[in-house]
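Fold and geometry: a report
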Amino acid sequence: MLGLVPELNELELCIFLDLLSTLEFLPLFFGNLPLQAAISDRIIKFRKRPKLNNLPVFFFRRLLKINVTEKQIEDVLTAVRPLQGYIREYSFQRHIHPFALSYIIAGDSNFMRERNSARDFPAVDDVVKYCALFDLYLNGFEAIGSLPKNLIYYINRFKKWYPAKPRIKAVLSRLWAYIFYYSKANRTDYLQLTKMLTIDFESFIFLTNLNKIDGLYFTKIVTEAELEPHENTLKKVKIDYSVYIDTCFLLSGMFSQINAEKCLFYIREAFINSKLRHGWRKDIFISDFFNESFAKVLEKNWLTREEVLELSESIFLLNLRLFEVTDGDHTRYGILNFLDALGGYDVKLAYKYWKRFQKLDLENHVENLSLIAIIIHDIKANAIPYDKVQEMVNRWSFKNKEYTQSLFKVEMEILKSDFYDDDVKKKCFSKVCGIVESVKGKFDYQQGVIENYYDAYDSYCQMNKKENEIIVDADDNLADRKITQMEFSQIIDKISDKKELQEVYSLFSNRNNKIYIEDKEIWRKWIDKILFVDGNIDMFVQLTKEQGFLKTGFWETHNSEYFYLGVACCLENPNAKEQMEKCLIENAGYGAFYKLIYVFAAMNDKKSTLALFKKFYKFCDFLVN
């Protein structure tokens, strides 16, 4: 650093000094005379007026006894003035440092004059408290201060002021931890501090920061018994998992030098309850990815009845666990996806688990959507009587937009079925027309409606000479952006050289195009053509990466939904297998488990599919249990 300081430009110098002026790094400055000299040589030549971004320069001028003029002091106070209206409880930690620097530069009397003249300064009292404490912290480096003396000063000065709000109290408590440590305070001082400082102090925050500063020192100040009240608070905050997890991690740190068993317990507890909270991608590991894999395995009919029953029970409990350990956003739909998967295999078994979920009374919204999913399977598999369908969908207690769209899906499934007579379909068509009118042709999740029901609804509209009022986005109507399987197959047939091969690659990789290829043989033909023209599958490997095949859900692009069929064709081709395996190994991401289950299932590789599914289950069980 000594060699670096002379080489910094002015902007870099200000950034460096700002970092050095924080609680954590100020001890480095005070304990290093050569560093002080190097900084002094730079800032004594600094000629710019004080502004918000160069306050640390004038802060260190004050610490190094370099003159700061009255005009510069006034400029410093002017620089922080715009922040006065923005510093409140939630922004206190973010904005307090410039005020602390300006307090040291201007001095208490000038700062208090500024405070008394301010018109819009919501957190002014708390800012003064912090600045006064910051000053005590700095004084302790020049002459080791007495903690009791600092404590009495703070209590006497602010005893008649309003107490700080919780978030501000936490910031003040963190500063107290630094003052305590660098005052070389002892256990007696700690007992005195906790007894006397009843305002603006949060014991847990103080302890966690003291432990972060010096873990061994911490053990000489605090006993295990004194941490027990903080352990007991976990019972009160467990509903809020973010607080619960943070507390577990912090307790683990505090017990690291005191009780190894408790240290491991709390860090394990924190990990168990936080694995699914680091971004939504991991949230859907079980709720979406695993349940979709379960549906694919059931679809292949490779499991015995006994295996399905045993597995269903385990997966049901796995999805219930998500309600306990995650934030309830995407994860709460795990039950819906599980019951949807089960409904495609055994409707009666799905109803059985739905009733169990209903009795738990965890969430009506998920309960309702799950029932709709099972009813749709019941319609497809058993053509249940129309009256019974109406009776079940009417169980929704709150008729919201979600209900309206669900009702539309149910009625459309009946319209699409050949098992219902014309009278029933007439009633259904009348209802769906009413639903479309009520939403003015636009549903909340429009794409699903367009893809699954638009053509059937449009056909009935034409039969009944009624205008189709479902709104289709302009992109969906552009013919050059929708390519059918047959059209794509014909395009592949015409490929004769690398230029035409590249054109097809560009066509498929264009995210605005919509190319759904459900026929595995078309994928096989494409892979064969790539090998014939190029001699390798470099182009398809690149496409695999672009489509985010192993890193996302199937919805990454319009064209990625059936991409697993192309990967399966590569693995089945002796001339492409090695290259594709290498690609999969090197690019596997959080979507790899369930994407490869789809791939092996498409290859009809029962052994690999079930082995990977078993590993996936163990992994998901580890995540939450």
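Residues numbered from 1 in each chain as written. Predicted model: local features only at pLDDT ≥ 70, side-chain atom pairs only at ≥ 80, totals over all residues. Heavy atoms only, no water.

**Some thoughts on the environment of Val541**
- Its place among the elements puts Val541 in helix H31 (residues 538–546).
- The sequence separation of Val541 and Lys582 amounts to 41 residues, and the corresponding C-alpha distance is 9.6 Å.
- What Val541 contacts, discounting residues up to four positions off in sequence, is Gln579 and Cys583. (Helix = DSSP H or I, 4+ residues; strand = E, 2+ residues; numbered from the N terminus. Contact = heavy atoms within 4.5 Å.)

**A few points about helix H4 (residues 55–63)**
- Burial of H4 is extensive: eight of the nine residues sit out of reach of the surface.
- Taken together, the buried positions of H4 are Leu55, Pro56, Val57, Phe58, Phe59, Phe60, Arg61 and Leu63.
- Elements in contact with the buried residues of H4: helix H1 (10–20), helix H2 (26–30), helix H3 (33–43), helix H5 (70–80), helix H6 (92–106) and helix H8 (124–142). (Buried < 20%, exposed > 50% of the residue type's maximum accessible area, 1.4 Å probe, protein only.)

**With respect to empty space enclosed by the protein**
- Inspection of the entire model under this criterion finds two cavities of 30 Å³ or more.
- Its boundaries defined by the atoms lining it, the largest cavity holds a volume of some 50 Å³.
- Around the largest cavity sit Leu136, Tyr137, Gly140, Phe141, Asn150, Ile179, Tyr182 and Ser183, which together line it.
- At four residues, H8 tops the list of elements feeding residues into the lining of the largest cavity. (1 Å grid on protein atoms, 1.4 Å probe; cavity = no way out; pocket = protein on both sides within 12 Å on 5 of 7 lines; lining within 4 Å. Points joined across faces, edges and corners; volume = space filled by probe spheres on them.)

**Section: the packing of H5 against H6**
- The N-to-C vectors of H5 and H6 enclose an angle of 165 degrees; their axes lie 10 Å apart at closest approach. If you check the angle between H5 and H6, you find them roughly antiparallel. The element H5 and its partner H6 pack so that their crossing is left-handed. Contact residues: Ile73, Val76, Leu77 and Val80 in H5; Pro98, Phe99, Ser102, Ile105 and Ala106 in H6.
- Residues belonging to the contact of H5 with H6 are distributed by class as follows: eight nonpolar, one polar and no charged. (Axes fitted to C-alpha atoms, helices over the stretch in contact; angles between N-to-C directions. Parallel < 35°, antiparallel > 145°, perpendicular 65-115°, else oblique. Left-handed = near helix turned anticlockwise from the far one by under 90°. Nonpolar A, V, L, I, M, F, W, Y, C, P; charged D, E, K, R; others polar.)

**Describing the side chain of Asn468**
- Tracing the sequence through the fold places Asn468 in the loop between helix H26 (446–463) and helix H27 (474–477).
- Setting aside anything within four residues of it in sequence, one finds Asn468 in contact with Tyr454, Tyr457, Asp458 and Cys461.

**Things to note about a positive patch on the surface**
- Side chains of Lys355, Lys359, Lys388 and Arg395 sit close together on the surface and give a patch of like positive charge.
- As for its placement among the helices and strands, Lys388 is situated in helix H23 (residues 386–393).
- The partly exposed category is assigned to Lys388, whose relative accessible area is 43%. (Patch = residues over 30% accessible without salt bridge, like charges linked within 9 Å, V, L, I, M, F, W, Y side chains within 5 Å. Areas by Shrake-Rupley, 256 points an atom, 1.4 Å probe, with all protein chains shown as cover. Salt bridge = Lys/Arg side-chain N within 4 Å of Asp/Glu carboxyl O. Lys, Arg positive; Asp, Glu negative; His and termini not counted. Charge placed at Lys NZ, Arg CZ, Asp CG, Glu CD.)

**Describing the pattern of salt bridges**
- Scanning the entire structure with this criterion turns up 26 salt bridges.
- When the shortest N-O distance is used, the salt bridge between Glu10 and Lys48 registers 3.2 Å. With Glu10 in helix H1 and Lys48 in the loop between H3 and H4, this residue pair connects regions lying 38 residues apart in the sequence.
- Relative accessible area serves as the criterion here: at 32%, Glu10 is assigned to the partly exposed category.
- Here Glu363 ties to Arg332 by a salt bridge, and the two come within 2.6 Å at their closest N and O atoms. Of this pair, Glu363 sits in the loop between helix H21 (347–360) and helix H22 (364–382) while Arg332 sits in the loop between helix H19 (305–325) and helix H20 (334–343), and the two are 31 residues apart along the sequence. With respect to burial, Glu363 and Arg332 carry one shared label: buried.
- Residues joined in a network through salt bridges with shared partners are Glu74, Arg81, Arg113 and Glu114.

**Brief notes about the packing of helix H25 (residues 422–438) against H26**
- Across the interface, H25 lies against H26 with an axial gap of 11 Å and an inter-helix angle of 110 degrees. Taken together, the axes of H25 and H26 lie roughly perpendicular to each other. Side by side, H25 and H26 meet where Lys425, Phe429, Val432, Cys433 and Val436 of the first sit next to Tyr457, Tyr460 and Cys461 of the second.
- Partitioned by chemical class, the residues of the contact of H25 with H26 number seven nonpolar, no polar and one charged.

**Here's the deal with a nonpolar patch on the surface**
- On the surface, Phe249, Leu264, Ile267 and Phe271 cluster together to form a nonpolar patch covering roughly 340 Å² of accessible area.
- Element by element, the count of residues in the nonpolar patch is highest for helix H17 (residues 260–274), at three residues.
- Structurally, Phe271 is set in helix H17.

**Considerations on unusual backbone geometry**
- In the Ramachandran plot, Lys65 falls in the positive-phi region, its phi being about 60 degrees despite a non-glycine side chain.
- As for its position among the elements, Lys65 is in the loop between H4 and H5.
- A relative accessible area of 63% means that Lys65 is categorised as exposed.
- Residue Asp200 is not a glycine yet carries a positive backbone phi of 55 degrees.
- Counting through the fold element by element, Asp200 comes out in the loop between helix H11 (187–196) and helix H12 (203–213).

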